[in-house]
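Read off the chains here:
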Amino acid sequence: MNQSHISKEEWLSKIGALKNSTERILNLSTNWSASNGWDLKELMIHLQAWDEEYLNILKGQILRESYIPRF
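A. Spotlight on the overall build of the chain. Counting its secondary structure elements, the chain contains two helices and zero strands. What you see for the chain is a C-alpha radius of gyration of 16 Å, clearly larger than the 11 Å of a compact globule of 71 residues, by over 25%. If one aligns the C-alpha atoms of the chain with their principal axes, the spans along those axes are about 45 × 35 × 15 Å. When the accessible surface of the chain is split by element, carbon and sulfur atoms take 57% of a total near 6700 Å². Distance between charge centroids for the chain: 5 Å, based on 8 positive and 9 negative side chains.

And the structure:
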């Protein structure tokens, strides 16, 4: 498994960026729409799917197994 060192400052920066983007998403108005036509519900579904896939990748790394996405 390829592991590269990330400094504490880099982790804190990444955590700050995640908190910032989460706050921005949670404060979108209910009638928000993206340039691709997605509404807020579609954005949330998309983000949830990414989160689920990322968690599966992490679980695979913990078990030292390759993760093959479900389609």
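There's plenty left to go through after this.
B. Main features of a nonpolar patch on the surface. Among the surface-exposed residues, Tyr54, Leu55, Ile57 and Leu58 lie close enough to one another that they form a single nonpolar patch of about 360 Å² accessible area. Here Ile57 lies in helix H2 (residues 40–62).

C. Highlighting the environment of Ser29. Along the chain, Ser29 turns up in the loop between helix H1 (8–26) and H2. When its relative accessible area of 38% is taken as the criterion, Ser29 is described as partly exposed. Once the C-alpha coordinates of Ser29 and Trp11 are considered, the two residues, 18 residues apart in sequence, prove to be 30 Å apart.

What counts and what doesn't
Residues numbered from 1 in each chain as written. Predicted model: local features only at pLDDT ≥ 70, side-chain atom pairs only at ≥ 80, totals over all residues. Heavy atoms only, no water. Helix = DSSP H or I, 4+ residues; strand = E, 2+ residues; numbered from the N terminus. Rg over C-alpha atoms; globule rule 2.2 N^0.38 Å. Areas by Shrake-Rupley, 256 points an atom, 1.4 Å probe, with all protein chains shown as cover. Lys, Arg positive; Asp, Glu negative; His and termini not counted. Charge placed at Lys NZ, Arg CZ, Asp CG, Glu CD. Patch = residues over 30% accessible without salt bridge, like charges linked within 9 Å, V, L, I, M, F, W, Y side chains within 5 Å. Salt bridge = Lys/Arg side-chain N within 4 Å of Asp/Glu carboxyl O. Buried < 20%, exposed > 50% of the residue type's maximum accessible area, 1.4 Å probe, protein only.

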